[in-house]
Amino acid sequence: MQEQLTPDFGDYELIDTGQYEKLERFGPYITRRPEPQAIWQRSLSEEEWCRLAHASFLRDARSDERGEWRLQPRTPDRWIIGYAYDTMQLRMRLGLTSFKHVGIFPEQAANWNFIYDSCRQLVASETPRVLNLFAYTGGATLAARSAGAEVTHVDSVKQVVSWARENMELSGLDGVRWIVEDAMKFVRREVRRGNRYHGIILDPPAYGRGANGEKWVLEDNICEMLTCCAQLLLPKNAFLVFNLYSMGLSSTLARTAVHQSFGVPFEEQWGELCFTDCGGKQLPLGTYYRMRR
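Parameters and conventions
- Numbers given for residues are sequential positions, taken from 1 along each chain in its written order.
- Totals for whole chains, interfaces and linings use every residue, but because this is a predicted model, local features are given only for residues with pLDDT of at least 70 and side-chain atom pairs only at 80 or more, for both listing and counting.
- Where side-chain values are given, they derive from all heavy atoms of the structure, hydrogens and water being excluded.
- A helix here means a DSSP run of H or I that spans at least four residues, while a strand means a run of E at least two residues long, and both kinds are numbered starting from the N terminus.
- Both definitions apply: the radius of gyration is a C-alpha atom measure, and the globule rule equals 2.2 Å times residues to the power 0.38.
- Relative accessibility under 20% of the residue-type maximum defines a buried residue, over 50% an exposed one, and the middle range a partly exposed one, all with a 1.4 Å probe and only protein chains included.
- What makes two residues a contact is simply this: any of their non-hydrogen atoms within 4.5 Å.
- The charged-residue count follows a simple rule in which Lys and Arg add positive charge and Asp and Glu add negative charge, with His and chain termini not counted at all.
- Here the site of a charge means NZ on Lys, CZ on Arg, CG on Asp, or CD on Glu.
- By definition, a salt bridge exists where a carboxyl oxygen of Asp or Glu is found within 4 Å of a side-chain nitrogen of Lys or Arg.
- Two strands form a pair only when DSSP identifies at least two bridges running between them.
- Structural elements are reduced to axes, namely lines fitted to C-alpha atoms, with helices fitted over the stretch in contact, and the angle between N-to-C directions of any two is expressed from 0 to 180 degrees.
- Buried Ala, Val, Leu, Ile, Met, Phe, Trp, Tyr and Cys residues form a nonpolar core when they are joined through side-chain atoms within 4.5 Å.
- Angle categories: roughly parallel below 35 degrees, roughly antiparallel above 145, roughly perpendicular from 65 to 115, and oblique for all the rest.
- The sense of a crossing depends on the near helix, which, turned anticlockwise from the far helix by less than a right angle, makes the crossing left-handed and, turned clockwise, makes it right-handed.
- The residue classification treats Ala, Val, Leu, Ile, Met, Phe, Trp, Tyr, Cys and Pro as nonpolar and Asp, Glu, Lys and Arg as charged. All others, Gly included, are polar.

Points about the overall build of the protein chain
Inference 1: Within the protein chain, the secondary structure is distributed over 7 helices and 16 strands.
Inference 2: In summary, the protein chain has a C-alpha radius of gyration of 19 Å against a globular reference of 19 Å for 293 residues, a match within 12%.
Inference 3: Along the first, second and third principal axes, the C-alpha set of the protein chain runs to 60 × 40 × 40 Å.
Inference 4: Expressed as a percentage of its 293 residues, the buried residues of the protein chain come to 53%.
Inference 5: Contacts in the protein chain between residues far apart in sequence, at least 24 positions, make up 62% of those at least 6 positions apart.
Inference 6: Counting 35 positive and 37 negative side-chain charges, the protein chain places the averaged centre of each group 5 Å from the other.

Describing the pattern of salt bridges
Inference 1: What the rule picks out here adds up to 18 salt bridges.
Inference 2: K22 serves as the salt-bridge partner of E24, at 4.0 Å between the closest nitrogen and oxygen. Each of the two residues, E24 as well as K22, counts as buried.

Focus: the sheet that holds strand β1 (residues 12-18)
By way of backbone hydrogen bonds, the strands of a sheet pair with one another, either parallel or antiparallel.
Inference 1: One open sheet accounts for 5 strands, arranged β1-β2-β3-β4-β5; its pairing is mixed. With one partner strand each, in any of the chains shown, β1 and β5 (67-71) form the two edges of the open sheet. Strand-to-strand, the axes of this sheet are offset by a mean angle of 20 degrees, without reference to chain direction.

Here's the deal with the nonpolar core
Inference 1: If you look at the biggest cluster of nonpolar residues, it comprises 44 residues, and the most contacted ones within it are I104, W112 and I115.
Inference 2: Sort the elements by how many residues they give to this core and helix α2 (residues 109-123) lands first, with 7 residues.
Inference 3: Once you skip the residues sitting within four places of it in the chain, I104 turns out to touch F9, F26, I81, M92, L94, W112 and Y136.
Inference 4: A183, I222, L226 and Y289 belong to the second largest nonpolar core, which has 33 residues in total.

Some thoughts on the sheet that holds strand β15 (residues 267-276)
Inference 1: The strand order across the open sheet built from 7 strands is β10-β9-β8-β11-β14-β16-β15, with neighbouring strands paired in mixed fashion. The sheet is open, and its two edges are formed by β10 (177-180) and β15, each paired on a single side. Adjacent strand axes in the sheet meet at a mean angle of 15 degrees, parallel and antiparallel pairs treated alike.
Inference 2: Across 9 bridges, β15 lies against strand β16 (residues 282-292) in antiparallel orientation. Across the sheet, residue E267 finds its bridge partner in β16, namely R292.
Inference 3: The sheet contacts of helix α4 (residues 158-170) involve β9 (150-155) and β10, and relative to β10 the element is tilted by about 165 degrees.

Structural notes on the packing of α2 against helix α3 (residues 139-146)
In helix packing, the relevant descriptors are the interaxial angle and the interaxial distance, both defined with respect to the helix axes.
Inference 1: Where α2 contacts α3, the two axes come as close as 8 Å, and the packing angle between them is 25 degrees. Classed by the angle they form, the pair α2 and α3 counts as roughly parallel. The interaxial crossing formed by α2 with α3 has right-handed handedness. Between α2 and α3, the contacting residues are W112, I115, Y116 and C119 on the first element and G139, A140, A143, A144 and S146 on the second.
Inference 2: Class assignment for the residues of the contact of α2 with α3 results in 7 nonpolar, 2 polar and no charged.

Here it is, written out as structure tokens:
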């Protein structure tokens, strides 16, 4: 089933978008940062954006990715927000990074709910094992752990894994297995070991570097990654979440690639993750594919 998803996230609000920027509220603070897909005009004036924003990201003229934040007086560069769903109560620390990110992708909360629900269904009969690849600061990891799953969290950046561990502790959880390693190298080794998982979360970037400088290019590596993950996912009572952030890569593409590696499941969903700003403009923030079998 193809569907657009927008999570109910009380500590997050997309206030306005346009002219390749977005104005967002994370808890009590409002940020302004680049957004390449906001090709339309803003609903609010430049004066209102300047008045509302506590922190504004200024791109470095010498770089397409890096920049610095300009903060209003008494605005912290770190703070905590919460997310709740059913019995899941997450608390996550945000931080203003030089890559414009803040440590959370709020649209992914729709997938956190799916992961939580999938693990809760499985935990009634056994303890599910979940693998989170390219796991960043761990929202999906915490969702699975909140539902009682044993979770292996893999990311190549040590500082990001430490951030995820901090979020686990803030959320009152424990017991996550932390792996600082290149994701491709890790799954190849897991295949050789014959390990299997009830759930796999696959959230790859367009480009990346492993812990030892390994190069990741989505279009070059994703087919091998999916083939390996298909060998790791159990044939029954299992789920997959697969995200794509690269502009131009559709959810139909993701679905086709998954079908080739995993076969056709009995339940699947694909589409865009999005939020609608206060002016009614709907902003796509990535594509997703997820399935149960």
